[in-house]
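Listed below are the residues making up each chain.
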Amino acid sequence: MAARASDAAEAAFLRLGIDDAAAQRLRSAQREVTVQLPIVGDDGQLRVLTGFRVQHSDVRGPFKGGLRFHPTVDLDDVRRLAELMTWKTALVDLPFGGAKGGVAVDPRTLSPRERELVARRYIEAIGPALGPRTDIPAPDMGTDATTMGHLLDAYSRIHGFEPRIVTGKPIELGGSLGRTVATGRGAVVALETTLDHLGRTLPAQGGDVTLAVQGFGNVGQNAALEAHVRGHRVVAVSDASGGWHDPDGLDIPVLERALADHADLADLTVPGARPIAPEDPLFVDADVVLPAALGRVVDAGNVDRVVAPLIVEGANEPLTEDACAVLEARGTTIVPDILANAGGVIVSYYEWVQGANLLTWDEAEVLARLDARIAAATRQVLRAAGEGGSLRDAAMDLAVRRVVRAMELRGTA
Ligand code: GLU
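Residues numbered from 1 in each chain as written. Predicted model: local features only at pLDDT ≥ 70, side-chain atom pairs only at ≥ 80, totals over all residues. Heavy atoms only, no water.

1. Looking at the site of the ligand
And step 1. In the vicinity of the ligand there are 14 residues, among which K64, K88, P139, D140 and S348 approach most closely.
And step 2. Between N316 and the ligand, the recorded distance is 3.2 Å, taken from a side-chain N or O atom to an oxygen atom.
And step 3. Between an oxygen atom of the ligand and a side-chain N or O atom of S348, the distance comes to 2.5 Å. (Near = heavy atom within 4 Å. Polar contact = N/O pair within 3.5 Å; in protein donor to acceptor, adjacent residues only side chain to side chain.)

Here it is, written out as structure tokens:
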């Protein structure tokens, strides 16, 4: 079968009249690696895991993208997500390309020692394709700063101390302040910039905005907290165990503190709130729905249950193409993932810049730079889309134009 980019990118190639030779270079990854990761578990048994790294494009700078540990990870998944990173870094104008990595494993079934082993085996197997000016991993689903510390150590044992090989690492090892909250915060800044453009009064000016968050990992928790702090009414949250709905608004800081002692939202007691199923925040009556967990949670089968007029894609690809078409035809505004969740990779870039220049910025400086960059990119997309136009199409067109232009400038001889 001929290689094909995502439907959204193929549509942009057509809209922009990108010539077939240029499109061809973006239809498949520049490099794909699949490796075996043998791990001796705590029980002494050998397990052989499968790992991937897909390097989609480095025409605008080193490959950049997260590494996820998740049981459903496969090569197709990682391919789609790597391509998405190319558009994301281009849209927010970072000097990076796009990549993604994954290991097919459920990290919750692993002990801390076993998780460390997976990270070390990953570097031993894929390390030759990585490098601080070649390809720089970061956290994604199922991985965090601790994982990045282990990747850094495994890489540095071979190459000498090299903190710039990963971003999203612990502060003590050269991580950036503000990196952990960056994706969730960026989603809220993109949301507020969009609401403002649509003429809604923001909570800071006395307006009332209700928000439902599906997924309560790093992105969902930080988005909910940031929205709460800015005065939005967070009416529903959920994780894979279930969730809570309260039209009067949930007390997010209290909820997050309680989560420190419980693994799952369903284990909490939340006075005044109604227990709901994991997918329910997608369908509650709210001004804004923010999916912040897995991909493809809204598809042709359930899109008719979505009633919110505005969706902010905190996760990567939470809506299928079919679902987006239905929603946009109905007038729903969708703030696309390559914009809404770009906060993480933006602060990854700031981390990389600080590392390269041996300097550290305080948290306020990092967050101010993050807010300014996301808000500027959002305004650019809103302007390009025009009145009632699709923000997804406008964002993809901007990103594709930048990547194709860089390709032209680099030459092909
Ligand atoms: N995993 C995040 C994403 O999907 C961050 C990637 C990075 O910081 O390189 O955007």
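2. Some thoughts on helix 11 (residues 343-356)
And step 1. With 14 residues, helix 11 should reach 20 Å at 1.5 Å per residue; the first-to-last C-alpha distance of 20 Å fits that figure.
And step 2. Counting buried positions along helix 11 yields twelve of 14 residues, so the element is predominantly enclosed.
And step 3. Along helix 11, the positions that sit buried rather than exposed are G343, G344, V345, I346, V347, S348, Y349, Y350, E351, W352, V353 and Q354.
And step 4. Turning to helix 11, the residues buried within the fold contact strand 3 (63-69), helix 3 (75-91), strand 5 (135-139), helix 6 (179-197) and helix 12 (363-385).
And step 5. One or two residues past the end of helix 11 sits L358, with phi positive at roughly 50 degrees. (Helix = DSSP H or I, 4+ residues; strand = E, 2+ residues; numbered from the N terminus. Expected span 1.5 Å × (residues − 1). Buried < 20%, exposed > 50% of the residue type's maximum accessible area, 1.4 Å probe, protein only. Contact = heavy atoms within 4.5 Å.)

3. Thoughts on the packing of aromatic side chains
And step 1. All told, the structure shown has five aromatic pairs when counted by the stated rule.
And step 2. Through successive ring pairs, a cluster of aromatic residues spans F96, Y349, Y350, W352 and W361.
And step 3. A cation over an aromatic ring shows up here: R369 above the ring of W361, its NZ or CZ 4.0 Å from the ring centre. (Phe/Tyr/Trp six-rings, centres within 6.5 Å; stacked < 30°, edge-to-face > 60°. Lys NZ or Arg CZ within 6 Å of the ring centre and 35° of its normal.)

4. Some words on the pairing of strand 4 (residues 98-103)
And step 1. The buried fraction of strand 4 amounts to six of the six residues, a majority that puts the element mostly inside the structure.
And step 2. Across the two faces of strand 4 the burial is the same, with G98, K100 and G102 and A99, G101 and V103 all buried.
And step 3. Examined bridge by bridge, strand 2 (residues 46-57) and strand 4 share six bridges and lie antiparallel to one another. Each residue of the ladder has a partner; that of F52, found in strand 4, is G102. (Pairing = 2+ DSSP bridges.)

5. Some words on the pattern of salt bridges
Side-chain pairs of opposite charge can arise where the charged atoms are in close proximity.
And step 1. What the rule picks out here adds up to 33 salt bridges.
And step 2. Residue E10 pairs with R27 through a salt bridge whose shortest N-O separation is 2.7 Å. Remark: R27 occurs in helix 2 (residues 20-27) and E10 occurs in helix 1 (residues 7-16); sequence separation between them is 17 residues.
And step 3. Here the residues in one salt-bridge network are R185, E192, E226, R230 and D371, joined through shared partners. (Salt bridge = Lys/Arg side-chain N within 4 Å of Asp/Glu carboxyl O.)

6. Things to note about the side chain of D135
And step 1. On the secondary structure map, D135 appears in strand 5.
And step 2. Classification of D135 as buried rests on a relative accessible area of 0%.
And step 3. At a separation of 2.7 Å, a polar atom in the side chain of D135 contacts the side chain of R53.
And step 4. Reaching out from D135, the side chain makes a polar contact with the side chain of Q55 at a distance of 2.7 Å.
And step 5. Sequence-distant contacts of D135, that is, excluding residues within four places in its chain, are made with R53, Q55, P62, F63, K64, A99, A129, L130 and I165.

7. Details of the packing of helix 6 against helix 11
To describe two helices that pack against each other, one gives the angle between their axes and the distance between the axes.
And step 1. Viewed as axis vectors pointing N to C, helix 6 and helix 11 meet at an angle of 145 degrees, and their least axial separation amounts to 7 Å. Pair helix 6 / helix 11 crosses with right-handed handedness. On helix 11, the residues touching R179, A182 and T183 of helix 6 are G343, G344, V347, S348 and E351.
And step 2. Along the lines of polarity and charge, the residues of the contact of helix 6 with helix 11 split into two nonpolar, four polar and two charged. (Axes fitted to C-alpha atoms, helices over the stretch in contact; angles between N-to-C directions. Left-handed = near helix turned anticlockwise from the far one by under 90°. Nonpolar A, V, L, I, M, F, W, Y, C, P; charged D, E, K, R; others polar.)

Just geometry here; none of it tells us what the structure is for.
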